[in-house]
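Structural features, examined
Letter by letter, the chains look like this.
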Amino acid sequence: MKSIDGIYRVDMLGPYGWERFSTAFINNGTFRSASSEHFTSGTYEIEDGGFHMEGNLTQYVEYHPLFGRNEVEALPIEFNGRIHDDIIDGQAKVPDGSRHSLRFRLNRMPCIH
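Nothing here was measured: the structure is a model prediction, and the numbers come from that model.

Basis of the calculations
Residues numbered from 1 in each chain as written. Predicted model: local features only at pLDDT ≥ 70, side-chain atom pairs only at ≥ 80, totals over all residues. Heavy atoms only, no water. Core = buried A, V, L, I, M, F, W, Y, C linked by side-chain atoms within 4.5 Å. Buried < 20%, exposed > 50% of the residue type's maximum accessible area, 1.4 Å probe, protein only. Helix = DSSP H or I, 4+ residues; strand = E, 2+ residues; numbered from the N terminus. Contact = heavy atoms within 4.5 Å. Pairing = 2+ DSSP bridges. Salt bridge = Lys/Arg side-chain N within 4 Å of Asp/Glu carboxyl O. Phe/Tyr/Trp six-rings, centres within 6.5 Å; stacked < 30°, edge-to-face > 60°.

Digging into the nonpolar core
- One finds Ile26, Phe51, Ile88, Phe104 and Leu106 to be the most contacted residues of the largest nonpolar core, which totals 22 residues.
- Looking at this core, the elements that each hand over two or more residues are strand E1 (6–14), strand E2 (17–27), strand E5 (50–59), strand E6 (75–84), strand E7 (87–93) and strand E8 (101–108).
- Per-element tally for this core: the top contributor is E6, with 4 residues.
- Other than its neighbours up to four places away in sequence, Phe104 contacts Val10, Asp11, Met12, Trp18, Phe21, Phe79, Ile88, Asp89, Gly90 and Ala92.

Structure below.
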């Protein structure tokens, strides 16, 4: 399998379709994603075309609830997805047994050399 390292546009499936959510940096087992409203930091593994990320999410605004919570600071999250060429498509959830999950799609940005 080719390397998935790169910069990705992260889209979240919302009530009106796919919405831009953040920019992610995936490099050598490290996952970082940020927008003006949140920051996620974690690690990832790849196995048999699957992508598994574990990390912590910190949210900077109170009016945009994620995973059913308004106030989020270092919330543990997991993302499991499938890799299809330059797209990683999957679900993110809180590992505490919460019923809330969010669907995300990561699209690798073209490299500029």
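The structure having been displayed, the exposition proceeds.
Thoughts on the pairing of E8
- Sheet topology places E1 next to E8; 5 bridges connect them, and they run antiparallel. Paired with Met12 across the two strands is Phe104, which belongs to E8.

A short note on the pattern of salt bridges
- A full pass over the atoms with the stated rule returns 4 salt bridges.
- In this structure, the salt-bridge partner of Arg103 is Asp89, at a minimum N-O distance of 2.9 Å. Taken together, the positions of Arg103 in strand E8 and Asp89 in strand E7 put the pair 14 residues apart, joining distant regions of the chain.
- Take Arg103: its relative accessible area is 30%, and that puts it in the partly exposed class.
- Of the residues examined, Asp89 reaches a relative accessible area of 18% and is grouped as buried.
- Asp89 is the partner of Arg105 in a salt bridge, and the nearest nitrogen-oxygen pair spans 3.6 Å. Linking Arg105 in strand E8 with Asp89 in strand E7, this pair joins segments that are 16 residues apart in sequence.
- Three or more residues joined by partner-sharing salt bridges are found here, namely Asp89, Arg103 and Arg105.

Let's talk about the packing of aromatic side chains
- Summed over the entire model, instances satisfying the criterion amount to 3 aromatic pairs.
- Consider the rings of Tyr44 and Phe51, whose centres lie 5.3 Å apart with planes at 25 degrees: the pair is stacked.
- What makes Phe51 buried here is its relative accessible area of 1%.
- Residues Phe51 and Phe79 carry aromatic rings whose centres are separated by 5.8 Å and whose planes lie at 70 degrees to one another, so their mutual orientation is edge-to-face. Separated by 28 residues along the polypeptide, Phe51 in strand E5 and Phe79 in strand E6 bring together distant segments of the chain.
- Accessibility expressed as a relative area gives 5% for Phe79, which makes it buried.

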